[in-house]
Every structure is written in C-alpha cells, then in structure tokens.
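Each chain, written out:
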Amino acid sequence: MSEAYSRPTTGHVPVLRLGDVLLVTLQGDLHDSTAQQLQQDLSETISRTGVRGVLIDISGVEIVDSFLGRVLAEIAAQSRLLAARTVVAGMRPAVAITLVELGLTLPGLSTALSTEAGMELLARQAPVTRPGGPRQESP
Amino acid sequence: MHTAAGVEACLPIRSDMDLVWVRQHVRQAAARLGFGLVEQTKLVTAASELARNTLVHGGGGQMEARHVSSGATQGLRLAFSDEGPGIADLDQALSDGYTSGGGLGMGLSGARRLVHEFDIESTPGAGTTVRVTCWAAQPPRPREEV
Ligand SMILES: Nc1ncnc2c1ncn2[C@@H]1O[C@H](COP(=O)(O)OP(=O)(O)OP(=O)(O)O)[C@@H](O)[C@H]1O
Ligand SMILES: [Mg+2]
C-alpha cells in the first residue's frame, strides 16, 4: 500500500473577494508561517478594500491546534477593529470535539456549519458602524 | 495482518516544516493502526502541541513513534524529546493557562487530556521528554474482511 503525503500549504493562501466579503479556504496542513502570513494579508486586504465580512472555510482542515486556533481568534479580533466580521465555517465534528477537550473553546469566534450558512450570517448582520464614518479609498 | 510498517519512525523537530511532517506521520500511523477519525484527530492535535513545545521551548529535538499492543488492541506511543532548558516546575507547566511565553498555555495540559497515557520527564538544564500513548478504541479489523 502506498500513500503519498499530502502537500503542505506554504506561502500565501488565496483571498477571494465576493462583494462585501473576503472568502478564504483553508485546506490540508498549514505551516505556522502560512497561517501568520494569512493573518497579515487579511488585515491589509480589509483595510484596503473596506469589506464588511471575512468568511474562513475550514472544512478541508484536519486539525486545529492551539496555534491555528489562536491565529483564527486573532484574525477575528483584528477584523473587528477594522469594522469587519469574521465567520469560521465548516469545522469538522472531530475537530470540534478535539478543540473542546484541548480546552480551546474560542468564545470570540462566530461559526457556521457551511460556507452558505456563513454567507447568510454575514449578510444578515447589521452593518458595523465605522468610528471614522465612510472610508475614503486612497488612490 | 497488520504490521508496524510506516508506523515506527524517528523524526527531527527543527522547523515549522518539521511540525507538518510530524502531524502527517502521526495521522498515517494512527490510521494504519485502526484508530477512528476522532481518535486520530485527538492524537495528531496532541502531537502538534508537543512537537511545537519541543521546537519553541526546547530549542528543537525529535519525535520517536512506536507501535505498542495490549492483547488485540493496537496503540501508538510517541516520545518528544529535546535537550533544552527543561521545566523547573512541572505542576505549574501542566496547569491550564500557564505560559512562560506569549502562548495560551493550553498545549501541555490540553495534550494530556487528548491522550490515554501521558508522562513527562524533565531536568532543568538538561532537557525534556514527553511520552504519550493512545489506543485504538477497537482492535483493527483484519484486512481480509475489508
Ligand atoms: N519541551 C519543553 N521545554 C521547556 N519548557 C517547556 C517545554 N514544554 C513546555 N514547556 C513549558 O511549559 C509551559 C506550558 O506549555 P504549554 O504548551 O501548555 O503552553 P505554551 O507553549 O506556552 O502556549 P501554547 O502551547 O498554548 O501556545 C511553556 O510556556 C514552557 O514554559
Ligand atoms: Mg505549547
């Protein structure tokens, strides 16, 4: 029996813009540095585009340890400061069971069972008011 | 029949790339030994926490994986060792939320909850070894039946 190791994700994770939402799909095994790079890419993209929501699809993620859990929580916190909401969608049941036993319940994180449900959640939420009023896009 | 091929290994833990290999090896080894999906996920998550501690706090080291069995039940034993600074107060390190760095302090205590057997040996100035064992909930089915 031969099994190939799945290729780990390195470098940048693609961030797609769908209207007012940034969509990120995490897949397979993420490098620590890739997760940190994503955190930085997202904050830059939110502040550049002024989107109101971030949807992170983790249905392809086999494990969430305390490192990735913390990165997800930090993404949600920094997005909130940039007036965008974050929803983490599609967590596998085995991952949820493991996170609770690990002691990581990530209370600040909004979740949805699927990306569709996550999109609905983001659409339904009242727009966040920006402290500085409507943002001017710089040229 | 089921063999230890692809289960026993000694892997270096020197970079975050190595953490990826450690997780992948533990997942494949656990799958071969007949672990269910939830058990696999728990063990891989525990391994990820312990390997990261070896890297971050221990300054690097290695993981050794061994196949163990008890009657018909298959198990996987993992040993994470480093020659780093060691841990002066084990009780403190094992308590939820204690971190000497900027972590959440859930790695060590959480990993302990995720496995069936947990043992830690640490000598200040000489290093740390954490050994964990997980058993497949049910003995694996023989190949012929699949
Ligand atoms: N291999 C090791 N060598 C030296 N010290 C260690 C080792 N493993 C753990 N420790 C000590 O035990 C503490 C608790 O470890 P634990 O994994 O629970 O938390 P953390 O690594 O600080 O944060 P987290 O894992 O949540 O990101 C660490 O902060 C560190 O001081
Ligand atoms: Mg840790």
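Scroll up to find the structure.
Note that the structure is a prediction, hence the values are computed from the model and not measured.

Overview of the overall build of chain B
Along its length, chain B carries four helices and five strands. The order of helices and strands in chain B, counted from the N terminus, is β-α-α-β-β-α-α-β-β. Here the C-alpha radius of gyration of chain B, 15 Å, is about what a compact globule of 146 residues would show, namely 15 Å. Each principal axis of the C-alpha atoms in chain B carries an extent, and together these give about 50 × 25 × 25 Å. Burial statistics for chain B: of 146 residues in total, 49% are counted as buried.

Structural notes on unusual backbone geometry
The general pattern is negative phi for most residues beyond glycine and trans for most peptide bonds. Residue and element names in this part refer to chain A. If you check the backbone angles, Ala-83 has positive phi at about 65 degrees while not being a glycine. Inspection of the secondary structure puts Ala-83 in the loop between helix H2 (66-81) and strand E4 (85-89). Classification of Ala-83 by relative accessible area gives buried; the value is 5%. The phi angle at Leu-106 is positive, at roughly 45 degrees, despite the residue not being glycine. In this structure, Leu-106 sits in the loop between helix H3 (93-102) and strand E5 (110-112). In this structure Leu-106 comes out as buried when scored by relative accessible area, which is 14%.

Focus: the pattern of salt bridges
If you walk through the whole model with that rule in mind, you get 11 salt bridges over all chains. Two residues, B:Arg23 and A:Asp65, come together in a salt bridge whose shortest N-O distance is 3.9 Å. On the criterion of chain membership, the pair formed by B:Arg23 in helix H1 (residues 16-32) and A:Asp65 in the loop between strand E3 (53-60) and H2 is interchain, its members lying in two chains. On the basis of relative accessibility, which here comes to 4%, the residue B:Arg23 falls in the buried class. Residue classification places A:Asp65 among the buried positions, given a relative accessible area of 4%. Two residues, B:Glu117 and B:Arg77, come together in a salt bridge whose shortest N-O distance is 3.8 Å. Here B:Glu117 is found in strand E4 (residues 117-123), whereas its partner B:Arg77 is found in strand E3 (residues 73-82), with 40 residues between them in sequence. Here B:Arg77 falls in the partly exposed class, since its relative accessible area comes to 26%. What emerges from the salt-bridge pattern is a single network uniting A:Asp29, A:Asp32, A:Asp65, B:Arg23 and B:Arg52.

A few points about the nonpolar core
In this structure, A:Ile56, B:Leu76, B:Leu78 and B:Phe80 are the most contacted members of the largest nonpolar core, which totals 65 residues. A per-element tally of this core places helix H2 (residues 37-56) of chain B first, with seven residues. B:Leu78 has contacts with B:Val26, B:Leu43, B:Ala47, B:Met63, B:Glu64, B:Ala65, B:Val130, B:Arg131 and B:Val132, leaving out every residue within four places of it along the chain. By size, the runner-up hydrophobic cluster in this structure holds seven residues, among which are A:Val21, A:Leu23, A:Leu55 and A:Ala89.

Here we look at the packing of H2(B) against helix H4 (residues 107-114) of chain B
Residues and elements named next belong to chain B. Where H2 meets H4, the closest approach of the two axes is 9 Å, and the angle between their N-to-C directions is 150 degrees. In terms of orientation, H2 lies roughly antiparallel with respect to H4. Relative to H4, the crossing made by H2 is left-handed. Residue-level contacts link Lys-42, Thr-45, Ala-46, Glu-49, Leu-50 and Asn-53 of H2 to Gly-107, Leu-108, Ala-111 and Leu-114 of H4. Among the residues forming the contact of H2 with H4, the class breakdown is five nonpolar, three polar and two charged.

Reading guide: rules and limits
In every chain, residue numbers begin from 1 and rise along the written sequence. Key to labels: chains lettered from A, ligands numbered from 1, both in the order written. Totals for whole chains, interfaces and linings use all residues, but because this is a predicted model, local features are given only for residues with pLDDT of at least 70 and pairs of side-chain atoms are given and counted only at 80 or more. Heavy atoms throughout the structure, all of them, feed into the side-chain values; hydrogens and water do not. Secondary structure is summarised from DSSP: a helix means a run of H or I of at least four residues, a strand means a run of E of at least two, and numbering begins at the N terminus for each. With C-alpha atoms as the basis for the radius of gyration, the globule rule is written as 2.2 Å multiplied by the number of residues raised to the power 0.38. Think of it in three bands: residues with accessible area under 20% of the maximum for their type are buried, residues over 50% are exposed, and the middle band is partly exposed, with areas taken using a 1.4 Å probe on protein chains only. Any Lys or Arg side-chain nitrogen located within 4 Å of an Asp or Glu carboxyl oxygen qualifies as a salt bridge. Take the buried residues of types Ala, Val, Leu, Ile, Met, Phe, Trp, Tyr and Cys, join any two whose side-chain atoms come within 4.5 Å, and each joined set is a nonpolar core. Residue contacts are counted whenever heavy atoms from the two residues lie within 4.5 Å of one another. Here, axes are lines fitted to C-alpha atoms. For helices the fit covers the stretch in contact, and angles between N-to-C directions go from 0 to 180 degrees. To sort the angles, those under 35 degrees are grouped as roughly parallel, those over 145 as roughly antiparallel, those from 65 to 115 as roughly perpendicular, and the leftovers as oblique. Here a crossing is taken to be left-handed if its near helix is turned anticlockwise relative to the far helix by less than a right angle, and right-handed if that turn runs clockwise. Each residue gets one of three labels, nonpolar for Ala, Val, Leu, Ile, Met, Phe, Trp, Tyr, Cys and Pro, charged for Asp, Glu, Lys and Arg, and polar for the others, Gly among them.

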